[in-house]
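# Residue-level structure breakdown
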Amino acid sequence: MSMHLRKNDTVEVSAGKDKGKRGRVLTVDPARNRAVVEGVGYVKRHTKPNPQKKIKGGIVERESSVHVSNLMVVCGECGKATRVGKKFLEDGSKVRVCRKCSGILDKTKA
Ligand SMILES: [Zn+2]
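Calculation notes
- Residues numbered from 1 in each chain as written.
- Predicted model: local features only at pLDDT ≥ 70, side-chain atom pairs only at ≥ 80, totals over all residues.
- Heavy atoms only, no water.
- Donors = N, O, S within 2.8 Å, 3.2 Å for Na, K, Ca; no water.
- Tetrahedral: all angles 85-135°; square planar, octahedral: opposite > 155°, others 65-115°.
- Buried < 20%, exposed > 50% of the residue type's maximum accessible area, 1.4 Å probe, protein only.
- Core = buried A, V, L, I, M, F, W, Y, C linked by side-chain atoms within 4.5 Å.
- Helix = DSSP H or I, 4+ residues; strand = E, 2+ residues; numbered from the N terminus.
- Domains from an automatic or database assignment.
- Contact = heavy atoms within 4.5 Å.
- Buried area = accessible area lost by both parts, 1.4 Å probe.
- Salt bridge = Lys/Arg side-chain N within 4 Å of Asp/Glu carboxyl O.
- Nonpolar A, V, L, I, M, F, W, Y, C, P; charged D, E, K, R; others polar.

### Digging into the coordination of the zinc ion
- Here the zinc ion is held by the protein donor atoms Cys75 (SG), Cys78 (SG), Cys98 (SG) and Cys101 (SG), which lie 2.2 to 2.4 Å from it.
- Bound by 4 donor atoms, the zinc ion shows angles of 105 to 115 degrees at the metal and therefore tetrahedral coordination geometry.
- Judged by its relative accessible area of 30%, cysteine 78 is partly exposed.

Listed below in C-alpha cells is the structure:
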C-alpha cells in the first residue's frame with residue numbers, strides 16, 4: 001500500500017473509537033504505515049517517578065499512532081473526507097486529487 005498521507009494533512013478517522021474525528025497529521029511513519037494525528041488516539045502512559053532526574057510520576061496523555069488505512073484525507077475544496085486519486089500536471093509533476101470533487105489536495109508544491 002502506498003502512503004497517501006503527508007505531514008500537515010487534515011485527516012478524518014474512518015474506523016475505531018475515534019471514528020469521525022478530524023485532526024492534523026503530526027508525523028508519518030511510511031515503514032509501518034502509521035501516522036500520528038493531533039487529538040486522535042490518546043493513550044495514557046504511566047510514568048514512574050524518578051527524583052534523580054526530577055521526573056514526577058503520574059499519568060501522561062499523548063497521541064499514539066493510527067494505521068493509515070483508518071485515515072482519510074479531508075479535501076480543502078469540498079471539505080469531505082475522501083480517497084486519494086493521482087493526477088499528472090502539464091509540467092509532469094504528480095499531485096494528489098480528491099476523488100469526490102477532483103480538487104487538488106497538494107496546495108504547496110515542493
Ligand atoms: Zn473535494
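That covers the picture; the talk isn't over yet.
### Quick notes on the nonpolar core
- By size, the foremost hydrophobic cluster in this structure holds 15 residues, and its most contacted members are Leu5, Val11, Ala35, Leu71 and Leu105.
- Elements represented by at least two residues in this core include exactly strand E1 (10–13), strand E3 (34–37) and strand E7 (71–74).
- When residues of this core are assigned to domains, at least three fall in each of domain 1 (1–74) and domain 2 (75–110).
- For leucine 71, the contacting residues outside a window of four places in its chain are His4, Leu5, Val11, Glu12, Val13, Ser14, Ala35, Val37 and Val66.

### Structural notes on the domain arrangement of the protein chain
- When its domains are assigned, the protein chain resolves into domain 1 (1–74) and domain 2 (75–110).
- Taking the mean C-alpha position of each, domain 1 and domain 2 sit 24 Å from one another.
- Of the roughly 800 Å² buried where domain 1 meets domain 2, counting both sides, 49% is carbon and sulfur surface.
- The largest per-residue losses of area from domain 1 upon contact with domain 2 belong to Met72, Val73 and Val74, which jointly make up 52% of the total buried on that side.
- Where domain 1 packs against domain 2, one counts 2 salt bridges.
- Between arginine 96 and aspartate 9 there is a salt bridge, and its shortest N-O distance comes to 2.9 Å.
- Taken together, the residues of the side of domain 1 that touches domain 2 sort by class into 4 nonpolar, 2 polar and 4 charged.

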